Structure formats: structure tokens, C-alpha cells
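# Remarks on the overall topology
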Amino acid sequence: MPTIQQAQQILKHKFGYDNFRLEQEHVIECILQRKDCIVLMPTGGGKSLCYQVPALLFEGLTVVVSPLISLMKDQVDALRANGINAAFLNSSLTSEEQTQITRQVYEGKLKLLYVAPERLLQGGDVFLNFLKDCRVALFAIDEAHCISSWGHDFRPEYLQLARLKHLFPDVPVVALTATADKLVRKDVVDKLELKSPQVFISSFNRANITYYVEAKKNLFDKLLVYLAEHKDESGIIYCLSRAGCETLAGDLRNAGFNAIAYHAGLEKTERDRAQEKFIRDEIKIVVATIAFGMGIDKPNVRFVIHADIPKNIEGYYQETGRAGRDGLHSEAILYYSSGDVMKLKKFVFINNNAEQTQILSRKLDQMAKYATLTTCRRKYLLNYFDESAPDNCGSCDVCLSKFDLVDGTVIAQKALSAVFRLKENFGINYTIDFLRGSKAEKIREEHKLLKTYGVGADISKEDWATYFRDLIAKGFLQQTEDEFPKLRLTPKSSDVLQGKTTVQLAKSKVVEEPTRVYGEPAEVNYEKELFSRLKELRKMIADRENVPPYIILSDAGLIELSAYLPQSLSDMKKISGFGDVKVQRYGKEFLEQVLEYCKMKNLASRISLKQPKREKKAKRPIKADAGYSSTYQATLDMHRQGLSTAEIAAQRGMSPQTIANHLAQFVESGDLKASDFVSGEKINQLKNLIDKYGYMSLKTIKENAGDDISYDDIKFVVSEIKGVS
Ligand code: ADP
Ligand code: ZN
């Protein structure tokens, strides 16, 4: 049986990477033991390597089932660029080409064969029987969620893949998907009929994506500013309607941006051309409906903008997930207006189906809630997909804004009495203008006579807007679901108006730059000018080889070249993405550019700074600002007074989960011990599981642990291990 050390060698020499990511190592170990498994990993997590590395270690052929024709070609190009014998079979090939590839399969010349499911199952079992005569080492089923009718990409032919296990009982099967939806995940496990498969779940957190939400007012101007600041970067702007796409793309072109529209109403050839140009870095901005993105694997999409709010979190997460597959810093920006939500409400209404309408409407509400959060957006997203997350991620606009908590009792009283005086008949903007004593004509004369008129003139419009959002988020006010939503009082309002309760409100300050999370190359200083020269060189080589630029080398690789300035081909091998074959094929060309640049600028090599990378631990510093340190400290103090987690939670009005998160931080920092919370027996059991599965995915551990072990138990033990390692 091939060993994991051999897998490391393959990773380095064939793919040019130093370390496995997320669950890759465990998955590969499992496959090397010829066991079935299911891999749930977010987009960009690195699912492909999970089967590509074993494929190179096994004797025989690895068959990869993949539903997307365009992606197959991409994958095969990428493998070939690394000198690996791979091919694909699908309807885009001529019958001669297909025959030729089948011959190569028969002669055992290929390591990997990508096939569309319908091709695999063509003519009953004809093709499968043919494969029986060849030596098949492994089946990999990509996009395995297509087997689920719950998902958005259900493909009936996927259901037949269960046959693989009947026809090839001894060949291991690995199923992979990036779908975070619970129902779909369960379906994948049920439908594939795998033999007691191990399930590997990586965190779905996309640490390198920073999430922002901004008001949609003056959208176009805001876009122009943003795009001007990101001129050389690729991005996708999602709109809900085809017409919206066309208009925006046209306006952007008129403003001098390299943008193109993409939607299902265009001719296929036109769509293919747009996609191709985007992939080849010839067009930077695609303005698209959701139709765009399924079939592309472009790793260097730096931003995903939603000009309209999507209908649900699933869609939103999938679309934003197309940013930053390469692990470098990327941004997801949603432009929000409550009016958009109202418009969508009409679309989620399904005639004669109250149940379905209710589900869709609830999903839309959850999406709208995301847009108006005053708490961490990442946490909300991850919790939505059933994953726990710390309260503060440090890289969404909310966490970066450093909300100051202020005593907002008087502010809240002013706001609520304004709503009351205006007879709950006006929206946020009017109420703010009224509070600020606006002289504008739109303020009715009778309102100018009211006592509350102008009592909030000392507070800026922006601050009032934040306060109102927070009052709504905290349930002191609500909005009607009209096209122009009106503010309404709630049962909680009267205590405030009567002075029976105090209110803490969030006041936003400047949004800071995010701390970079795991896009490590961006952390080093790199030569920007060299980077753009290398980009040009890469484009030239890519055109010569007729592949997209990222097949030649990733942006991360280019950044490493411009940061570490290798001076020889053996230095080159230390750069991410340069496996042996790429060094041999393209090393010299890149090296020449780097040498020339170094000579011109009188720079020396910095390759000694390049350490083999270790996956970064998601260590979260206990923040001294934004009131976090005191809230953690309060929990610790109460714990030290002998209170249980549940008691602290009750006293502090927080969830037990939050309290456990606080305490786990102190376990990680060494102030507390896991044994303060978990029995010795469970700790031992958990340590064994962590040895086996690592600690990146609490879920994997939980799934393989007994029922009596809770997530909190796992969290404490993992925190302790992180603290010492
Ligand atoms: P997924 O299929 O999960 O969306 P991919 O397999 O396409 O992700 O991988 C995303 C990117 O990450 C690719 O460019 C790939 O080469 C890169 N990658 C994968 N694993 C590693 C690793 N261990 N080290 C560095 N880069 C990696
Ligand atoms: Zn956050």
C-alpha cells in the first residue's frame, strides 16, 4: 500500500505544493487504504488533489465522474501542464477522438480519465464492462450533490452511479462536493450506496473572503469607485435580471471598464466567448445572472459583487464562494436595499402552494436579515449551515467596524417617540429627517409642529441610520413589508418609552483593513511591478499553449516569485505551484524575468525567507477593543466563582454556546484546562480521534465520536491542543 510519505512526495514534485490543506491528508490516507469516503469541502478547498494524488500512486486508472464539460477540460489541461497523463471523454469530442482515448485507456496509458456520467452509463453497461477489462484503481465522483433531488443541480443520471459499487465491488469510491446544505449532504451518503464510508467534513468557512454589505443608494457611483480601485483584478457582478445585467455592463463599458454581460438569454456561442475571455484574463468584469459561474474554475476571481440581493443564503454563499479559490484575499460585497427585498417577495409567492411560498419567503427573510446584521456576518453564514463560529471573525464589515456600544437609551426614546408621533406611518429616511429637523419640503407642515421634530439634530444621518438598524435588529422596532417599508413599534417599545429599560446601541466607526487570514503570500511584501510583468509573461505562455493563464501558474505562485526572487532553477522549485515538470517547462522563462528585474532594481534573492508553509492555525486573538476583552473576562470571572456554563449563560443573557466559546479561548491561551470541563476518559477518547482526523473539522470528530461527547467537549480539547502546538 502506498504511504502518506509517498503522497507528500507527489504533492511536492508533481504539483509543487509543500503541505496538504484542510482534510486532504486524511482523505488521501483513507483512499490509499482503498476505503470509500465522502468529502465535503468548500469551493477552493482543494478537492481535486484528494483523488489526483492517490491516482498517481495507484497502479491503474482513476475514473473521475464530472458533470461539467468545461471543467473537465480545465482539469485535464491542468494535469497535463504538470506532466500527468490525463484525458476526458464527453460529447464535445469527435468519435475519432473518443476512440483514440478509449484505446489509451485500454493500453493503460492514462492515469486519470474524466467522464460525464451519461458517457459512463452509455449503452447500458457497455462502457462499464469495457472498464472492467481495464484496470480501474479508483472512482471519484465530483459534484456528488448532483445525486440529490434536494439540490439545485439534480441530475437523474447520477442516481445510477450506485451501480458502480455493484459492478466494481473492490474499487474504492470517493464522492466529493462543496454543497453545504444539510439535506443534500445526507442524500449523498444515502444514495451512493457506499460501503460504510468515512465522511470528511472540512469547515466551510472561506477565511480568505471578507464580507461587506453596503447601502444600495448611488450604486453606480459606488461601483465606479470600487472598480477603479481594483482595476487589474477579475470580478463578477451578479444582478437578478437579464436587463439589469445588460444595462449595468453597458454603463460600465461607457465608463471605461472592461465589462461584459452574461445571462441565459444570450446565444450559447456568445456566452462561451464571454466565459473564455474571462478565464483568459482578457475581460476583467462579468456582469451576470446566476447562470454564470457553474462551469468555471477560475481561481483568481478577486471580488464578487451582488448588485441585487439574492433570494436565499444558499445561493449567496455559492456565488460569493466563486471568489478566491486560490486562497488569496478576496471580497464579497452585497449592495442592499430593503426595497429589493420587497420586490423579491412577489417572486417567492407560489400560486396554490402555501407551504412552498412559506419556505421561500423564510429563506428570503434570512437573506435580508444577513444584510441588516449588527453582529458578525461570517458567524451568521456558518451558523446557517450548522457550523459553529466565533463571535468575531475579524474580517467582515461588522467585525472590522469596531462598533462602540453606547448607552442608547435616550437615543432610542427619541427614535421610538418619533415613530409614535408619526403614527407608525413613515419609513426610516423620513423619520430621520424629521428627527434632525429637516427644513425640506417633504416634511409635512403638521409634523414640523410636533414636539419631537428636530430633537435628534445633534446626530448625523449616518449614525441615525445605524441606530435604526440596530433598534430593528434588537426588536425595539420593526418594518412593514410594503414596497416602502414603514416603521412600527413592537411589544418591546413601550418599556423604552416609559423609561423602564435601558438600551445599548452599536455606533459604527471606520471600517478597517481586514487582517489577512490564510492567503499567506499576500502577507509578504512583493514587487508589484515584477508581479505585473510576470502576469504578462504568463499570459503569453498561456496563449502559446492555448490554455487559461492559471493553468500555467496561479496568482499565488506569481506573488511568491515577486516576493522571494528566486535566482536559480533549484530556487524555483521552492515556489508554490512549481512541480518538477513546470520548472522544467517554464522555469527558465520566469527565471529570466526575475533575474532581469533584480538586476535592474539591484535586488538580492529573498528565497531564504521562504519557509515550507504550514496551514495557519485559526487562532483568534482576544481583542482588547470593542468591548470584547471585558466580555471574555466577565465569563472567566464567573467561571472562577464556580458557576457552570449554563449558569453563566443564564446570568449574562447569552447562549451557552457563546459562553463555551469564551471559555475555550481561555483553554487555548492556557488560562484554563480542558480537564476543567471534560472528564479524563473523554479527553483520551477525543485525543485519539484528533490524532486520526486532525482538528480542522469539529464535525468530523463529532461524527466519529460517541453520542455522549458534545461539541463543547470537542471544542475544549481542540483548544487545548491548539494552545500547545
Ligand atoms: P475545489 O475543487 O475544492 O473547489 P480545487 O481542487 O480546484 O478546489 O483547488 C483550488 C485551488 O487550490 C487550485 O488552484 C489548487 O491547485 C490549489 N490547491 C489545492 N490544494 C493545495 C495545497 N495543498 N497547497 C496549495 N494549493 C493547493
Ligand atoms: Zn465577522
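Residues numbered from 1 in each chain as written. Chains lettered and ligands numbered in written order. Predicted model: local features only at pLDDT ≥ 70, side-chain atom pairs only at ≥ 80, totals over all residues. Heavy atoms only, no water.

Turning our attention to the domain arrangement of the protein chain. For the protein chain, the domain assignment lists domain 1 (4–201), domain 2 (209–384), domain 3 (401–511), domain 4 (528–609) and domain 5 (624–724). For domain 3 versus domain 4, the distance between C-alpha centres works out to 56 Å. (Domains from an automatic or database assignment.)

Around the zinc ion (ligand 2), the protein supplies C376 (SG), C393 (SG), C396 (SG) and C399 (SG) as donor atoms, at distances of 2.3 to 2.4 Å. Angles of 103 to 118° at the metal separate the 4 donor atoms of the zinc ion (ligand 2), which places the site in the tetrahedral class. Spacing between the donor residues of the zinc ion (ligand 2) along their common chain follows C-x16-C-x2-C-x2-C. A relative accessible area of 23% means that C393 is categorised as partly exposed. (Donors = N, O, S within 2.8 Å, 3.2 Å for Na, K, Ca; no water. Tetrahedral: all angles 85-135°; square planar, octahedral: opposite > 155°, others 65-115°. Buried < 20%, exposed > 50% of the residue type's maximum accessible area, 1.4 Å probe, protein only.)

This paragraph deals with the site of ligand 1. Around ligand 1 lies a shell of 14 residues, among which Y17, N19, G44, K47 and S48 are the nearest. Within the complex, the protein chains bury 82% of what would otherwise be the 560 Å² of accessible surface of ligand 1. Of the residues forming the shell around ligand 1, the biggest block, 3 residues, is contributed by helix 3 (residues 47–57). Of the residues assigned to the shell around ligand 1, the class counts are 4 nonpolar, 7 polar and 3 charged. (Near = heavy atom within 4 Å. Areas by Shrake-Rupley, 256 points an atom, 1.4 Å probe, with all protein chains shown as cover. Helix = DSSP H or I, 4+ residues; strand = E, 2+ residues; numbered from the N terminus. Nonpolar A, V, L, I, M, F, W, Y, C, P; charged D, E, K, R; others polar.)

Our next topic: the pairing of strand 3 (residues 86–89). With burial as the criterion, each face of strand 3 is covered, one bearing A86 and F88 and the other bearing A87 and L89. Where strand 3 meets strand 4 (residues 112–115), 4 bridges bridge the pair, whose relative direction is parallel. By the bridge assignment for strand 4, A87 is matched with L113. Crossover connection from strand 3 via helix 5 (residues 95–106) to parallel strand 4: handedness right-handed. (Pairing = 2+ DSSP bridges. Right-handed = clockwise from strand over helix to strand, strands pointing away.)

This paragraph deals with the nonpolar core. Soluble, globular proteins show a tendency: their nonpolar side chains are buried together. With 184 residues, the main nonpolar core has L112, L113, L120, L131, I141, Y370 and F590 as its most contacted residues. Beyond its immediate sequence surroundings of up to four residues, I141 is in contact with V65, Y158, L161, L164, V173, V174, A175, L176 and L192. Grouped together as the second largest cluster of nonpolar side chains are 27 residues, I428, L471, L487 and L489 included. (Core = buried A, V, L, I, M, F, W, Y, C linked by side-chain atoms within 4.5 Å. Contact = heavy atoms within 4.5 Å.)

Running from N to C, helix 5 and helix 7 (residues 126–133) point in directions that differ by 35°, and their axes come no closer than 9 Å. Contact residues: T102, V105 and Y106 in helix 5; F127, F130, L131 and D133 in helix 7. In terms of residue class, the contact of helix 5 with helix 7 is made up of 5 nonpolar, 1 polar and 1 charged. (Axes fitted to C-alpha atoms, helices over the stretch in contact; angles between N-to-C directions.)

Spatial strand order, 3-4-2-5-6-1-7: 7 strands in an open sheet with parallel pairing. At either end of the open sheet lies a strand with only one pairing partner, and these are strand 3 and strand 7 (198–201). Ignoring which end each strand starts from, the neighbouring axes of this sheet average 20° apart. Here strand 1 (residues 37–40) pairs with strand 7 via 4 bridges, running parallel. Each bridged residue has a counterpart across the sheet, and for L40 the counterpart in strand 7 is I201.

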